[in-house]
Amino acid sequence: MKKNDTPTTENAKLKDLEKNKEYSENQFITTDQGVKINDDHNTLKAGERGPSLLEDFIMREKITHFDHERIPERIVHARGSAAHGYFESYGNINQYTKAGFLNDTTIKTPVFARFSTVAGFRGSTDLARDVRGFAVKFYTQEGNFDLVGNNMPVFFIQDAMKFPDLIHAVKPEPHNEIPQAASAHDTFWDFISLMPESMHMIMWVMSDRAIPRSLRMMEGFGIHTFRLVNEKNMSVFVKFHWKPKLGTHAVVWDEALKISGNDPDFHRRDLWEAIENGNYPEWELGVQIVPEEDEHKFNFDLLDPTKIIPEELVPVTKIGRMVLNRNPDNFFAETEQVAFHPGHLVPGIDFSNDPLLQGRLFSYTDTQLSRLGSPNFHEIPINRSIAPMHNNQRDGHMRQEINVGRTSYSPNSLGGGCPFQAKMAEGGFVSVNERVEAHKVRERSESFADHFSQAALFYNSQTEVEQNHIINALRFELSKVETVAIRERMLGLLSQVDKKLANKVAEGLGIAVPSQPEKPLNHGIGADTDTKKHEPKPIDKSYKPSDALSMLKNPTVTNTIETRQVAFICTDGVSETSVNNLKKALESQGAMAMIIGPHAGNIKTDKGKEIKADHTFFSSSSVLFDAVYIPASPNAAMLENNYNVLEFISNAYRHCKVIGADIEVQQLLEKAIGKKPADKKDAAMLGIVINNDKNFADNFIKELGKHRIWEREEKTMQ
Ligand code: HDD
C-alpha cells in the first residue's frame, strides 16, 4: 500500500460509472447468474394449461427481484431530481481555506446536485408550496464534500431536537394521510403557531420562493454558519450561497395549482430537457466571510439558523461556478441512491456549533442505514469518492470491496503499519482548535430569542406585489386550517411581525387579530427553565430593508430570455411568415417557440408547408409556458368559441405573462382576456404586444425580458 496514492481524475470517475452501465445492443437476456434465457414470456408449467412448476428458477428469480425493488423513500426530501456537472474555482481564497477544490483553478471538480421538495412523498407534485432542497456532492481530490442546503437561507427551528416534531406536523396527518405535499392543514399550523422561532422562515415559505419557476432559477444556501480553515489551521466563519445565472424566478400560486394538474413533473422535466438541449444550468458559489473576532458583532447570533447575515452587512464574494451538464443514466442508481451528509467535509472546511447543524451530523448516516440498508452505502457508485479510500472498516451487507491482506486493525506491524495516519501537512483532517469551557446544560442561548426582527426585515424588503403574494398565501393556508384557535394564534404571531400584514390576513379569514397575542406555552425551553429569560424580544428597528431578499429587486435579476418557452397558438392556414419571424428572433436569444395546435401531428401553413405541433390546445395549458403568441390564421375566428384556447390565453393574462398577437387576430385576444385597450397606455393592456409593424419581435422580446407584467396584477387585483 502506498502512502500517497493520487486521486482519480474526473474522467476516471466517469469511467467508473460507465462500468455500471448496461448496454442493450447485441445482448442476450440472462439470469442474474449469467445464464442465457430462452423464453422470458412463459412460466415453466406441467402442460400448456397445467400448474406452474416450483423448479422454474428463472421465473422465481425475476419475481423475487421485483418484489424487493423498492427501498424506503427519504423521510424528508423524498421527491427529487438530480444532475451531474462540475465545479470550477475562481481561485485565490487560500488566505481563508486550504480546500484544494476552492483554490485550484485548473481542477474541474465533478459534482452531483439533487434538488427536492421536503414534505411530499416520492410521487408528489413538483409545484407544492415548499422549501426546495439544494444538495451538492463535490467529488474533490481530498474526499467528498457535501453542501446540503435549501433554496431559502434560514430554517424553521433552532435545535435539531425539534426536527421530528416539525416533520410530523407538516407531513400528511397520521389518521387519514391527507393532505399530500401541502402545509395547508391543522397540524402544521398548530405547531408553527406555538413556535415563534419559525416566523422568519414562514415569511420565506409563504413568499413565491416556495414556488420556483424552475430548479435552474433558484438561489441556494448552506444556511448554517460554517468555518473555513487555512493552512495554519486559522478559521473564519462562512455562509455559503448559490446564485443562479438565469436569475431567481417564481410562478404565481394559481399557476402552481394548475401546473400540478397539467404536469406534476414540471420541474423535473424542465431540468432534464434543459440539459438534453445543451442549456446547462449554472450557479456561482458565493461566500460571506466573518472573521472570528467579529463573532459577537451582530445583533443576532451567527449560530442561530433562523437568521441571515444581510448581504448589505457582509457582501457575498463569488468564489467559483457550478455547471450541470449531464443527466443521470438511471434514476434509482443515482438520484435515489445518492447519500448526502452535512458531515461529509474536507480539510479547509469545518462546522460551527449551530445546534441544528450539530444534530444533523447524527441524522444523515443514521437515515442512510435504514434507507440504503448497509454501512457500505459509500460503495454505491454515485457515493464513491474519487480520492482513494483506505481504512480498517470491513464487511457488512453488500460489501463490494475485496480487501486483501491479514490486517484490519491499527496499530499493526504485520501490514507494515498501513494504512498510515496523515499529518496535517500531508492533508490529514484536523478540527479547528476551538476552546470550549462550559457547564453541561440543556438550554437555548438567550441570543437566539429575537424571533420577529428578521421576519419583519424580510417582509419589509419585498415589493408590494411580493407582499400581496405573502398575504394571499397565508390566507390560503390558514383558511384550510379548521381549528379557529390556531388561526387566531397565527394572527397573534403575525401581528408581532407586521400589524398591517396581520390585519390583511385576518380580513381574508373573516376574524379579528387578537388584541393580546397568546404567550407560547413551552417554546424553546425545558420544564424547569426560567421563562422570563427567554421572552421573545421586540422588533429591532436597526435593520434596513435588503434588496437581496426580494426576488424582484434582487441583484441576480436579469432580462435574459434564455430557455424561456413561448406557446404559439396555431391553426391550419397559420401565417408561416409570422411564425418564422418570431421563432427566429426568439431562438437567436436562446428562447424557444412551442407550437400548440388543434390536433397532434402536423399543421398546414398558409404557404402549404407543414409544421409539427408540439402540443394541442386540449393537452396543454399556458401555465406550462412563459408567454403566448397568436399568429394570424384564416381559421383563428373559429377559436373564438374554443374554450380550451380562450382559457389558454386568459390564464396567461391572469398570470401576468406577455401575450403577442398579430393584428388580424386581435379580436380573439380581446375575447379571451375580456378587455379592449382604452388607449395605448392602458395598464390592463401592458405586456400585450400587437403585431402591426416590423418592430414586433423586438418589442415582444423586450416585454418577455421583464418575465411578468406585475402592473397588470395590481390593476386586476383592485
Ligand atoms: Fe435535512 C435530507 C436539507 C435539517 C435530517 N436535508 C435532506 C436533504 C436536504 C436537506 C437538501 C435531501 C438530500 C438529498 O437530496 O438526498 N436539512 C436540510 C437543511 C436543514 C436540514 C438545509 C436545515 C438547515 N435535516 C435537518 C435536520 C435533520 C435532518 C435538523 C435531523 C435532525 N435531512 C434529514 C434526514 C434526510 C435529510 C432525515 C432525509 C434523507 C436523507 O437525510 O438522506 O437525515
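Cut-offs and rules
Residues numbered from 1 in each chain as written. Predicted model: local features only at pLDDT ≥ 70, side-chain atom pairs only at ≥ 80, totals over all residues. Heavy atoms only, no water. Salt bridge = Lys/Arg side-chain N within 4 Å of Asp/Glu carboxyl O. Helix = DSSP H or I, 4+ residues; strand = E, 2+ residues; numbered from the N terminus. Buried < 20%, exposed > 50% of the residue type's maximum accessible area, 1.4 Å probe, protein only. Domains from an automatic or database assignment. Contact = heavy atoms within 4.5 Å. Buried area = accessible area lost by both parts, 1.4 Å probe. Nonpolar A, V, L, I, M, F, W, Y, C, P; charged D, E, K, R; others polar.

What is the right way to look at the pattern of salt bridges in this model?
Note on pairing: side chains with opposite charge can pair once their charged atoms come close. Counted by the stated rule, this structure contains 40 salt bridges. A salt bridge links arginine 227 to glutamate 292; the nearest nitrogen and oxygen atoms lie 2.6 Å apart. With a gap of 65 residues between them, arginine 227 in strand 6 (residues 226-229) and glutamate 292 in the loop between strand 8 (282-291) and strand 9 (317-326) connect regions that are remote in the sequence. According to the relative accessible area criterion, glutamate 292 is partly exposed, its value standing at 35%. Across the pair arginine 475 and glutamate 507 runs a salt bridge, and its minimum N-O distance is 3.8 Å.

Before we go on, may I ask you to explain the domain arrangement of the protein chain in this structure?
Interfaces are often described in size by the accessible area the parts lose on coming together. Domains assigned within the protein chain are domain 1 (45-383) and domain 2 (565-716). For domain 1 and domain 2, the distance between their C-alpha centres works out to 37 Å. Each side of the interface is counted separately: domain 1 has 15 residues, and domain 2 has 14 residues. Of the roughly 1100 Å² buried where domain 1 meets domain 2, counting both sides, 50% is carbon and sulfur surface. If you sort the residues of domain 1 by the area they bury against domain 2, Val252, Glu255 and Asn262 come out on top, with a joint share of 37%. Summed over the shared surface of domain 1 and domain 2, the number is four salt bridges. In this structure, aspartate 254 engages arginine 654 in a salt bridge whose closest nitrogen and oxygen atoms are separated by 3.4 Å. Of all the secondary structure elements, the ones that give two or more residues to the side of domain 1 that touches domain 2 are helix 7 (253-262) and helix 8 (266-276). Take the side of domain 1 that touches domain 2: its biggest share by element is five residues, from helix 7. Residues belonging to the side of domain 1 that touches domain 2 are distributed by class as follows: five nonpolar, four polar and six charged.

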